[in-house]
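The residues making up each chain are set out below.
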Amino acid sequence: MLPSFRAVSRRRVSVVVYGANTDVGKTVASCGLLQAGRRGDYTASYVKPVQTGPDTDEAWVTAHASGAAVTTLFRYRDPVSPHLAALREQRIVSDEQLAAAVGQAVREKSDEDLTLVETAGGVLSPAPSGTPQADVLARVFAPQKGPAARPSGLLVGDPRLGGISATLTAYESLCARGQRPAVVLFLGGADNAHAVEDRLKSARLSTDAQQHRTVVIVLPAIPDAPEPLDEWYADKTVRAAFSRVVRLLVDDRAFDKRHVWHPYTSLAKPGKVWKVASCAGCEITLDDGRVLTDGMASWWSAIHGYNVPGINAAIETQLKSMSHVMFGGLTHQPAIDLCRTLVDVSPQGLECVFLADSGSVSMEAALKMALQYWMAQGKRDKTTMVTISHGYHGDTLGAMSICDPVNSMHSMFRKLLTPHIFIDDLTCLRETLELHHHTVAAVVVEPVVQGAGGMRFYPAEWLQRARQLCTEYGVLLVFDEIATGFGRTGALFAADLAGVTPDIMCVGKALTGGYMTLAALLCTRHVGTTVSAGTAENPAASHLPFMHGPTFMGNPLACAAANASLSLLLDSPWQERVRNIGEKLKTGLAPCSTYDTVADVRVLGGIGVVELARPAVDPLKLVYLFPPFVVTDPQLDTRLLRHPMLLYIGKAAPQQHVAHERGLPASNPSFLPTSSEPLAALSFAITMRSREHACNRVLPRCYIRC
């Protein structure tokens, strides 16, 4: 038994290249992978633990993969098995020495996207001590745990006669050591490759393990032509195969960084992301074991926290009968139950429900409904929307057009968007409608709370005035309750704070408790019938359908999740919970108001906001907390409200620049969670990045921006 020492985590992005036998092309394969890594902008390096003989693999790699960092740890003169070479030279390297040297070499290359560790001979070929090298390396690289573990490593198969047995034996030897390869690569020998692939496919694996089956890939055979193999490496089939192997082998983070586009990020300079292993309650567990406390309910959606038994059970039950069916010409019980509940709990008068894929899509439907409402009456000039500056309503084209065109993240698309009217001061709505009501279709607002546009609060009484003016001037009133709906403001809907009913209302985010994407548009009976029935003044509009119909409209799984979430919410003491969160936020954030760097601290319902007078962490302008309703007092008191960011903003900026991403500050170690001490997941800080986002730009009281 080898003594244990600190194993190299698979997060280090190291890949062991094994061979099913001697002389099967491990070094040729390693060079192809290094070349493919360079083509894919992956950083890559090569480590050879033990080299025997004068013709070194290091020289081959240097010749065929120029630019790759190459390291050979132990060299012997004679071209024989390492244990024989070590005996002849009387220079035995112990297992402990070899393992420590390999571990150190890999740790020194921990920033590389791909570090190849190429073994000598076959899987069970001896190390200098005589111990099978696979046993030594199994102590260096953290073994996979459980049958569902993601495989790593590369096994180069034997394409020759007898190679099927040799390859399968090598494969099973690695699996027995917790080193199941991600890829078995054959350089030629297609018949052998297909036989091995068939055997691996027939292996009995758990359902989870089947998601990470070992992939068998076969390349054209290595030609007998003299070195170098430039033409072979340049072959399109060879290049494509090696590129595929690299994508399969690289660490998930490296692949994510290279290939996965995250929200509001640049592929040219992607931000850091943290890989999540699981979530439960208000805690997010990262794959390295660190635990975060969620301070923003996954963009305001997970009001019950994560992994909620009641919602889990509802989805599992629904899966057994129907995961999806089109909503055109068909209906189902989950959708009927959901719409019934929404009509029951929404402001009185909202009786008709249109289900949509997401909040942004529901806003698109709301705008189209408002337009079709007026077209059905023959008033085709009423196509303009009036909305409040600094608003945010989604990222699709129509929704973008009513987001703030100067201060929003969509300013670059300004010339593409339909022009609408934006008012900066809430008191000038009458003036605006008096001048433009003949062309205005609707007033669209986020009631009481403007969310992603700046977390601004305004009096509920303004909604009462807006309702009166819209009725007076013949304009529809649309509420975007996607962020505020389902209790976040302390009322079930922000509209309830004002006691008014809009003509159209959109809800989303928390509708399914953060489980699945789903939103809904509700409208009054008058709006619904007018859209389709027309009027006496325009009989040609009679029986027109509402021209919107998403493919996944009314998805049964999403509806089942929403039904369970709403039942859980309505049967819980949610008002008391939100009230408690608000009180804790007021108390916990109050000290921030004493900082010179802070312009305002404000709390409404379960929302806490700290607005900075100037960016303390460029380009940080706002910090807010929006925790799940089930957050515990200790989580709120000792984690979220004691987050280092809340302390940092009150101090002079340190010498070290702190990059801030959605969710967590990136570069200052004091902000990062440790394995033993949970740290709050910092809530999304609104960032002002461009010159249009300069702090609190002064605008006229009432203006039109196109």
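Residues numbered from 1 in each chain as written. Predicted model: local features only at pLDDT ≥ 70, side-chain atom pairs only at ≥ 80, totals over all residues. Heavy atoms only, no water.

Caption draft 1: The sheet that holds strand β22 (residues 622-625), seen in detail. With antiparallel pairing, three strands are arranged side by side in an open sheet as β20-β21-β22. If you trace the sheet from one side to the other, it starts and ends with β20 (598-604) and β22, each paired once. Neighbouring strand axes in the sheet, compared pairwise and without regard to direction, differ in orientation by 10° on average. Both strand β21 (residues 607-612) and β22 contribute to a ladder of four bridges, which runs antiparallel. Paired with V610 across the two strands is V623, which belongs to β22. (Pairing = 2+ DSSP bridges. Helix = DSSP H or I, 4+ residues; strand = E, 2+ residues; numbered from the N terminus. Axes fitted to C-alpha atoms, helices over the stretch in contact; angles between N-to-C directions.)

Caption draft 2: Quick peek at the environment of R467. By the element assignment, R467 lies in helix α18 (residues 461-473). Of the residues examined, R467 reaches a relative accessible area of 15% and is grouped as buried. With 31 residues separating them in the primary sequence, R467 and A498 have C-alpha atoms 10.0 Å apart. In contact with R467, not counting residues within four places along its chain, are V475, L477, V500, T501, P502 and D503. Within the structure, R467 has its side chain in polar contact with the side chain of D503 (distance 3.1 Å). (Buried < 20%, exposed > 50% of the residue type's maximum accessible area, 1.4 Å probe, protein only. Contact = heavy atoms within 4.5 Å. Polar contact = N/O pair within 3.5 Å; in protein donor to acceptor, adjacent residues only side chain to side chain.)

Caption draft 3: View of unusual backbone geometry. Notably, D23 is not glycine yet its phi reads approximately 60°, a positive angle. A relative accessible area of 64% places D23 in the exposed class. Positioned with a positive phi, K509 is a non-glycine residue whose angle comes to about 45°. Residue classification places K509 among the partly exposed residues on the basis of a relative accessible area of 31%.

Caption draft 4: Quick peek at the packing of aromatic side chains. Tallying each qualifying case throughout the model produces eleven aromatic pairs. Ring centres of Y264 and W299 lie 6.3 Å apart, and the angle between their planes is 65°; on these two criteria the pair is classed as edge-to-face. Of the two residues, Y264 sits in the loop between α11 (252-259) and β8 (276-280) while W299 sits in helix α12 (residues 297-300), which places them 35 residues apart along the sequence. Accessibility expressed as a relative area gives 43% for Y264, which makes it partly exposed. (Phe/Tyr/Trp six-rings, centres within 6.5 Å; stacked < 30°, edge-to-face > 60°.)

Caption draft 5: Representation of the sheet that holds strand β3 (residues 69-76) in the model. Across the sheet, seven strands lie side by side as β3-β2-β4-β1-β5-β6-β7; this open sheet has parallel pairing. What marks the edges here is a single partner per strand, and that holds for β3 and β7 (215-219). The mean inter-strand angle of the sheet, taken between neighbouring strand axes irrespective of direction, is 20°. Against the sheet, helix α6 (residues 163-176) engages β1 (14-19), β5 (154-156) and β6 (183-187), with an angle of about 160° to β5. Against the sheet, helix α10 (residues 236-249) contacts β1, β4 (114-118), β5, β6 and β7, and its axis sits at roughly 155° relative to β7.

Caption draft 6: A nonpolar patch on the surface, seen in detail. On the surface, a cluster of nonpolar side chains totalling about 440 Å² of accessible area is made up of L397, M412, F413 and L416. For F413, a relative accessible area of 34% translates into the label partly exposed. (Patch = residues over 30% accessible without salt bridge, like charges linked within 9 Å, V, L, I, M, F, W, Y side chains within 5 Å. Areas by Shrake-Rupley, 256 points an atom, 1.4 Å probe, with all protein chains shown as cover. Salt bridge = Lys/Arg side-chain N within 4 Å of Asp/Glu carboxyl O.)

Caption draft 7: Structural detail: the packing of α6 against helix α7 (residues 190-202). The N-to-C vectors of α6 and α7 enclose an angle of 40°; their axes lie 9 Å apart at closest approach. Classed by the angle they form, the pair α6 and α7 counts as oblique. In this structure, the crossing between α6 and α7 has a hand that is right-handed. Counting all contacts with α6, which are made through G163, I164, T167, L168, Y171 and E172, the residues of α7 involved are N192, A195, V196, R199 and L200. Looking at the contact of α6 with α7, its residues break down into six nonpolar, three polar and two charged. (Parallel < 35°, antiparallel > 145°, perpendicular 65-115°, else oblique. Left-handed = near helix turned anticlockwise from the far one by under 90°. Nonpolar A, V, L, I, M, F, W, Y, C, P; charged D, E, K, R; others polar.)

Caption draft 8: Expanded view of the side chain of N555. Inspection of the secondary structure puts N555 in the loop between α20 (525-533) and α21 (556-570). Not counting residues up to four positions away in its chain, the partners in contact with N555 are S323, H324, H332 and M516.

Caption draft 9: The arrangement of the pairing of strand β17 (residues 476-480) in detail. Burial runs high along β17: five of the five residues are buried. Here β17 shows no split at all, with L476, V478 and D480 on one side and L477 and F479 on the other all buried. In the sheet, strand β14 (residues 440-445) pairs with β17 via four bridges, with the strands oriented parallel. Bridged to A442 within β17 is L476. In terms of strand pairing, β17 meets strand β18 (residues 504-507) through three bridges, oriented parallel. Its bridge partner lying in β18, V478 is registered against I504.

Caption draft 10: Structural view of helix α4 (residues 95-108). The terminal C-alpha atoms of α4, which comprises 14 residues, lie 20 Å apart, in line with the 20 Å expected from a rise of 1.5 Å per residue. Inspection of α4 places D95, L98, A99, V102, G103, A105, V106 and R107 among the buried residues, and these make up the whole buried set. Contact partners of the buried residues in α4: β1, β2 (44-52), β3, β4 and α5 (133-140). (Expected span 1.5 Å × (residues − 1).)

Caption draft 11: Expanded view of the pattern of salt bridges. Under the counting rule described, the total for this entry stands at 14 salt bridges. For E58, the salt bridge identified is with R75, shortest N-O distance 2.5 Å. Of this pair, E58 sits in helix α2 (residues 57-64) while R75 sits in strand β3, placing them 17 residues apart in sequence. Here E58 falls in the partly exposed class, since its relative accessible area comes to 21%. One salt-bridge network, in which partners are shared between bridges, spans K48, D57 and E118.

Caption draft 12: Highlighting the packing of helix α17 (residues 429-436) against α18. Interhelical geometry of α17 versus α18 gives an angle of 15° and a closest axis separation of 10 Å. Classified by the interaxial angle, the pair formed by α17 and α18 is roughly parallel. Handedness of the α17/α18 crossing: right-handed. Every residue of α18 that contacts α17 at L429, R430, L433 and E434 is listed here: W462, R465, A466, L469, C470, E472 and Y473.

Caption draft 13: View of the side chain of Q377. By the secondary structure assignment, Q377 is in the loop between α15 (359-375) and β12 (384-388). Polar contacts involving the side chain of Q377 include one to the main-chain carbonyl oxygen of Y373, which spans 3.2 Å.

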